[in-house]
Amino acid sequence: MTVAGESSSTSAGSTNTVFGVPADLLSTAASLVLIGAFLAVVYDITDVVGRRDQFLLLAGGTLALATVVGWTLRPRYALGLAVLIAAGGFAAYFLALPESQLALLSPERLLADTFALLSGLSALRLLSADVWALAVTPGPVFLAWYLAIRGRIAPAVAVAGSGLGLFVLTTDATGTLTLLGVGAGMAAVGFDGIDRFGSAGGQLDVLTLVLAAMVVLSATVTVLPGAGGSPVLPDEGVADQPTVEASLVSADDRISVVGSISLSPRVRFEVQSTSPDYWQTATFDRYTGDGWVRTGDTRDYEGGRLAGPDGPSRLVRQTVTPATPLDSMPAAWRPVAVSGDIENETLVTQQGNLRPDRTVEIGETYNVTSEVPQYTPASLRRTGTDYPDEIRERYLALPDSTSDRVRDRAAEIAGDAETPYDKAVAVEEWLEANKEYSLRVSRPDGDIAESFLFEMDAGYCTYYASTMVVLLRSEGVPARFVTGYTTGEQVGDDRYVVRGLDSHAWVEVYFEDTGWVRFDPTPAGPRQDAESSSLSDARDEGLTGIDTNETTPESNETERPTTTATDTPTPTENGTETNETPAGGSPPGPSIDERLGVTPTGDGAAEDDGGGLVPELPSRETMFVGLVGLLGVVAGVRRTRLPAHLRFATAAYQRRTDSPAADVFRAYDRLELALEREYRPRRPGETVRAYLDSLSRVGVDERTRQVGRLYERAKYGDGVTRADADEAVAAANAVVRARLPLVRRWTD
C-alpha cells in the first residue's frame, strides 16, 4: 500500500505477491496486527482502571486521524504532529497528578521512576495509571500507522515495537501478546522485503535471527527486578506447588492468584508483643481480575511518629526477631513508629505498611509501635458513607470487565443490609458458609472473584479475600486486600512463634471515624486443620527448622497448637479498650537462634529426603525459548557463512596419503572450493571439464585445468601416479593459498 508521491523499489508496473496476495498489502496488514498487540496491552490496563470506553474512543480516533493524515501530509509534517500528540498526552498526565505527587517530582525522581518502569515495575503501580495509559497511546499509534500507510514498514515496526516493548519491560504485556506482536513485526518486515526485492530467500536468515532474539529477550525481561517474587522466601511446596507464603508475603507489589498451593512449616520469626494480633506485611488496592497490585510509591521512614488510625486506638508494642531472612516487616496494624537494627532502612508505603529496604537478616531485630483501632459493632454501624475522594477512587474501583452477575450476586448477599458494617458481615458469613476450604484447586480462567462465586466449590484465603473485596466494592463499600501472618503459636507470656504456614490473606474495610477494620472470610476451622496437618507431616518426616525448643511437641501430635488471636475481627460490645503497656526491649530468655533445634539457614529450603539430587527437566516454556534461541544461533551462523569460512580455511593444507588417487580427489575438492568462493559453484549435472572451461575466460589457468584432467583420469581412466598426485596437490596449494592472504603472507 504505497501512497501517491511515494516510490517503491520494485520496477514500474510490477507487483510481488505471496500466494496471490500483494506483498505490500500483507506487510501493511502485519503492521496493523503489531499495532493491535500494543493496543491490546493498553486495553487490558484501561479495563483494570475503569477507562476502557475512553480508551476505545481514543484508539479509534487516533487510527482514523493517522489514516487521513497518511494520505494528505508529508512525513516531516506528520512527524511534527506526532510529537505534539505525544507531548500533549504527557502534559495531560502531569496535570492529572495530585498536588502531593507533583510536589515530589524532580529530574532525579523522574529518572528513577523511568528506570523502575523499564526494569519490571508494572504500569498499574502508578496512582494515575488510567491517565498514563491514555497518554502514552496516541503518539506511537498515530506515527506507526501513518508510516505503515506510507509504505515505510521498517520505521512503522520500529515505532510500534518500541511501544509494545515498553509494556514488555513493565511486565504488563502477556506472553501471548508479546509473541503475537513479535511475529507480526517480523512478518511485516519480511513481506516488505518481498515487495521491494522480489524474494524473501535472501532475508530468511536475518528474519529468523531477529525473531529469535526478540523472543528470547521477551522471555528474559520477565525475570528483571520487580517482575517476580523475592528469592528470600523460596517455594518449599511439593509437586511444583508454590507456598502460600511465597505467593503472598514475597509477592512484592503484585500478586497473581495461582492454583494449587502448599504450606511451609518452617519457623520464620518470633514476636514479643503486648497483645496478639495479625502481623500485616502488605496492602493491595488495585484489583486486576487475576490478582492484585499495590499502587503508589514508598518513602523513607525518617523517624518520629507516623499517622495513626482515624478513631480510638490502643498501643501494641512488638519486637520481631527473624529465624530466616525476611523481605518484609510483619507488624500489627497500624504501625506508627519503628526502632531497632532496620530503623534507618525502613520504607513506608502509601497504604501505611512497613517494608525493609534490604533483607532483615537472622540475629537482627526491630521494634514496632502500633496503634490498633478500637471499635464496637454499634460504633461501626453508626458510621456514614461520606468517604474521602481518595478512598472512593482507590478502594471502590473494579475492572470494567466485572460482570453484571457478580454485581447481582453482591446485591443478593448484602443488598438488604442497611449499613456498610452489616454488608461486610453478610458477605463474610456467606463466604464462610457457602465455600469450602481447600489448597488443591485449579487456577480458573478469567476473573478470579467471578470464577470463585459461580464455578468453584472450594479455594483458599486468596480466593476468599479477593471475592469479598469485589463483592463489597460492588455494593459501594471501600475494601482492600491484605497479606501477612496470623498470630502464630504462643510460647510464653506475650511471645509467639510464626511459621510460613501462618501466612494468610484477609480483608480490611474502611469505616468513617475509625479507619481500616479487619475481616477474615476464610473458614478458620478448616484452615487451622490444614496448617496442623502440614506441621504434623513435617514433624513425622523429621524436617528441621520447624520448631524451637519451646514448640517441639510429641512426635505423634496431630493438632496444631491453638493461637491466642481470633480469626475474625468481630468487635465485642464492651467498648473501646486501651493498652498502655510500656515498650520492651529484646525478648527475655534465650534468643530464637538458641531455641531453634537446628542452626537456621538463609535459603529456608526443606531438607532433601530422597538421598540425593534428582534431575529436573526444564519447563516447556524454558525449552521453547531455548529452542528458539538455538534456531537464532543457527540462523546467525548461516548468515555469517561461518561453516563455509571454516571449510575454506581447512583447505589451506593437504596431508599426503598412500593413495595417489585419493590425493588427487582431495586436491581437486580444495581447488573447486576456492573457485566456488571466488566465482560460482559447479551446477548440478555439469562435468568437471565443462565447469573449468566455463571459468577459463575469467582467469582459470592451464595448471588448474590440468588438475581437472588428473581428477577425471583418476576417477574414470587408468589411474594416476605419485608424481601426478604431487602435481595436483602443488597446483591446489597455489590456487587456495593465493585466496588466503594471511596464509600467503606466512608462506611467502
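Above: the structure in question.
From a predicted model like this one, the values you see are computed outputs, not experimental measurements. (Residues numbered from 1 in each chain as written. Predicted model: local features only at pLDDT ≥ 70, side-chain atom pairs only at ≥ 80, totals over all residues. Heavy atoms only, no water.)

Student: Can you walk me through the overall build of the chain in this structure?
Tutor: Of the regular secondary structure elements, the chain holds 26 helices and 20 strands. Taking the intrachain contacts of the chain between residues at least 6 apart in sequence as the baseline, contacts between residues at least 24 apart amount to 76%. For the chain, the computed accessible surface area is about 34100 Å², with 54% contributed by carbon and sulfur atoms. (Helix = DSSP H or I, 4+ residues; strand = E, 2+ residues; numbered from the N terminus. Contact = heavy atoms within 4.5 Å. Areas by Shrake-Rupley, 256 points an atom, 1.4 Å probe, with all protein chains shown as cover.)

Student: Where do I start with the side chain of S438 in this structure?
Tutor: Tracing the backbone shows S438 in the loop between strand 14 (436-437) and helix 16 (448-454). On the accessibility criterion, S438 (18% relative accessible area) is buried. Ignoring anything within four residues of it in the chain, the contact list for S438 reads A458, G459 and Y460. (Buried < 20%, exposed > 50% of the residue type's maximum accessible area, 1.4 Å probe, protein only.)

Student: Sorry if this is basic, but what is going on with the nonpolar core here?
Tutor: Here is a general trend for soluble globular proteins: nonpolar side chains tend to be buried in one another's company. With 54 residues, the main nonpolar core has V509 and F519 as its most contacted residues. With residues near it in sequence (within four places) discarded, V509 still touches A424, L472, V477, P478, A479, G515, W516, V517 and F519. If you look at the next biggest cluster of nonpolar residues, it comprises 49 residues, including A37, I45, A59 and A144. (Core = buried A, V, L, I, M, F, W, Y, C linked by side-chain atoms within 4.5 Å.)

Student: What is the right way to look at the packing of aromatic side chains in this model?
Tutor: Aromatic ring pairs: the centre-centre distance and the angle between the two ring planes describe each pair. Scanning all chains against the criterion turns up 21 aromatic pairs. Taking 6.2 Å as the distance between ring centres and 55° as the angle between the ring planes, the aromatic pair formed by Y421 and F519 counts as tilted. Of this pair, Y421 sits in helix 15 (residues 420-434) while F519 is found in strand 20 (residues 515-519), placing the two residues 98 residues apart along the sequence. Between F452 and Y464, the aromatic rings sit 5.2 Å apart at their centres with planes inclined by 65°, giving edge-to-face as the arrangement. Placement of F452 in helix 16 and of Y464 in helix 17 (residues 461-474) is noted, with a sequence separation of 12 residues between them. Overall, the relative accessible area of 0% leaves F452 in the buried class. In this structure Y464 comes out as buried when scored by relative accessible area, which is 0%. Directly above the aromatic system of W333 lies the positively charged group of R480, at a separation of 4.9 Å from the ring centroid. It is R480 that lies over the ring of W516; its NZ or CZ is 4.1 Å from the centre. (Phe/Tyr/Trp six-rings, centres within 6.5 Å; stacked < 30°, edge-to-face > 60°. Lys NZ or Arg CZ within 6 Å of the ring centre and 35° of its normal.)

Student: So what exactly am I meant to see when it comes to the environment of D457 here?
Tutor: Looking at the element boundaries, D457 is found in the loop between helix 16 and strand 15 (458-459). With relative accessibility at 64%, the residue D457 sits in the exposed group. Setting aside chain neighbours within four positions, we find D457 in contact with K435 and E436.

Student: Hey, could you run me through the sheet that holds strand 16 (residues 479-485) in this one?
Tutor: To summarise the sheet geometry, strands pair through backbone hydrogen bonds and adopt either a parallel or an antiparallel arrangement. Spatial strand order, 5-16-19-20: four strands in an open sheet with antiparallel pairing. The open sheet has two edge strands with one neighbour each: strand 5 (279-284) and strand 20. Each strand axis lies, on average, 40° off the axis of its neighbour in the sheet, ignoring direction. Taken together, the five bridges between strand 19 (residues 503-511) and strand 20 define a ladder with antiparallel strand orientation. Looking at strand 20, one finds that F511 is bridged to G515. Running at roughly 25° to strand 20, helix 15 makes contact with strand 19 and strand 20 of the sheet. (Pairing = 2+ DSSP bridges. Axes fitted to C-alpha atoms, helices over the stretch in contact; angles between N-to-C directions.)

Student: Looking at this model, I keep getting lost on unusual backbone geometry. Mind explaining?
Tutor: With glycine set apart, most residues show a phi of negative sign, and most peptide bonds adopt trans. Of note, the amide linkage connecting W333 to R334 takes the cis form, showing an omega dihedral of 15°. Tracing the sequence through the fold places R334 in the loop between strand 9 (313-322) and strand 10 (335-340). Not every positive phi belongs to a glycine, and D494 is a case in point at roughly 60°. Mapped onto the secondary structure, D494 falls in the loop between strand 17 (489-492) and strand 18 (495-499). Judged by relative accessible area, D494 falls into the partly exposed class, the value being 34%. One non-glycine residue with positive phi stands out, namely D513, at about 65°. In this fold, D513 is placed in the loop between strand 19 and strand 20. With a relative accessible area of 60%, D513 lands in the exposed category.

Student: What is the right way to read the environment of G415 from this model?
Tutor: Its location among the elements puts G415 in the loop between helix 14 (404-414) and helix 15. Distance in space between the C-alpha atoms of G415 and E475 is 7.4 Å, their sequence separation being 60 residues. Ignoring any residue separated from it by four or fewer positions in sequence, one finds G415 in contact with A410, K423 and E475.

Student: I keep staring at the packing of helix 23 (residues 688-695) against helix 24 (residues 702-716) and nothing clicks. Help me out?
Tutor: Packed helix pairs are characterised by how far apart their axes lie and by the angle those axes make with each other. Where helix 23 contacts helix 24, the two axes come as close as 10 Å, and the packing angle between them is 175°. Between helix 23 and helix 24, the angle falls in the class roughly antiparallel. Facing helix 23, whose interface residues are V688, R689, L692 and D693, helix 24 presents T704, R705, G708, Y711 and E712. For the contact of helix 23 with helix 24, the per-class residue count stands at three nonpolar, two polar and four charged. (Parallel < 35°, antiparallel > 145°, perpendicular 65-115°, else oblique. Nonpolar A, V, L, I, M, F, W, Y, C, P; charged D, E, K, R; others polar.)

Student: Can you walk me through the pairing of strand 13 (residues 366-373) in this structure?
Tutor: Sheet faces and side chains relate simply in a regular strand, where the side chains alternate between the two faces. In terms of residue burial, strand 13 counts as a mostly covered element, since seven of its eight residues are buried. Taken together, the eight bridges between strand 9 and strand 13 define a ladder with antiparallel strand orientation. Considered in strand 13, the bridge of L315 is made with E371. In terms of strand pairing, strand 10 meets strand 13 through five bridges, oriented antiparallel. Its bridge partner lying in strand 13, S339 is registered against N367.

Student: Sorry, what's going on with helix 18 (residues 524-540) here?
Tutor: Quick reminder: α-helices carry 3.6 residues per turn. Residues three or four places apart thus point the same way. When the terminal C-alpha atoms of helix 18 are compared, their 24 Å separation across 17 residues agrees well with the 24 Å that a helix rising 1.5 Å per residue should span. The set of residues buried in helix 18 consists of R527, E531, S532, S534, L535, S536, A538 and R539. On its buried side, helix 18 packs onto strand 14, strand 18 and strand 19. Taken from the residues just after helix 18, G542 is the one with a positive phi, measuring 75°. (Expected span 1.5 Å × (residues − 1).)

Student: I would appreciate a short explanation of the sheet that holds strand 6 (residues 286-287) in the present structure.
Tutor: Sheet architecture is open: three strands sit in the order 3-7-6, paired in antiparallel fashion. The open sheet terminates on both sides in strands that have one partner only, identified here as strand 3 (254-256) and strand 6. Pairing of strand 6 with strand 7 (residues 291-293), which is carried by two bridges, proceeds in the antiparallel orientation. Its bridge partner lying in strand 7, Y287 is registered against W292.

Student: Quick question: what am I supposed to make of helix 22 (residues 660-678) here?
Tutor: With 19 residues, helix 22 should reach 27 Å at 1.5 Å per residue; the first-to-last C-alpha distance of 27 Å fits that figure. Among the residues of helix 22, those classed as buried are D663, V664, A667, Y668, R670, L671, E672, L673, A674 and L675.

Honestly, it's all geometry; don't read function into it.
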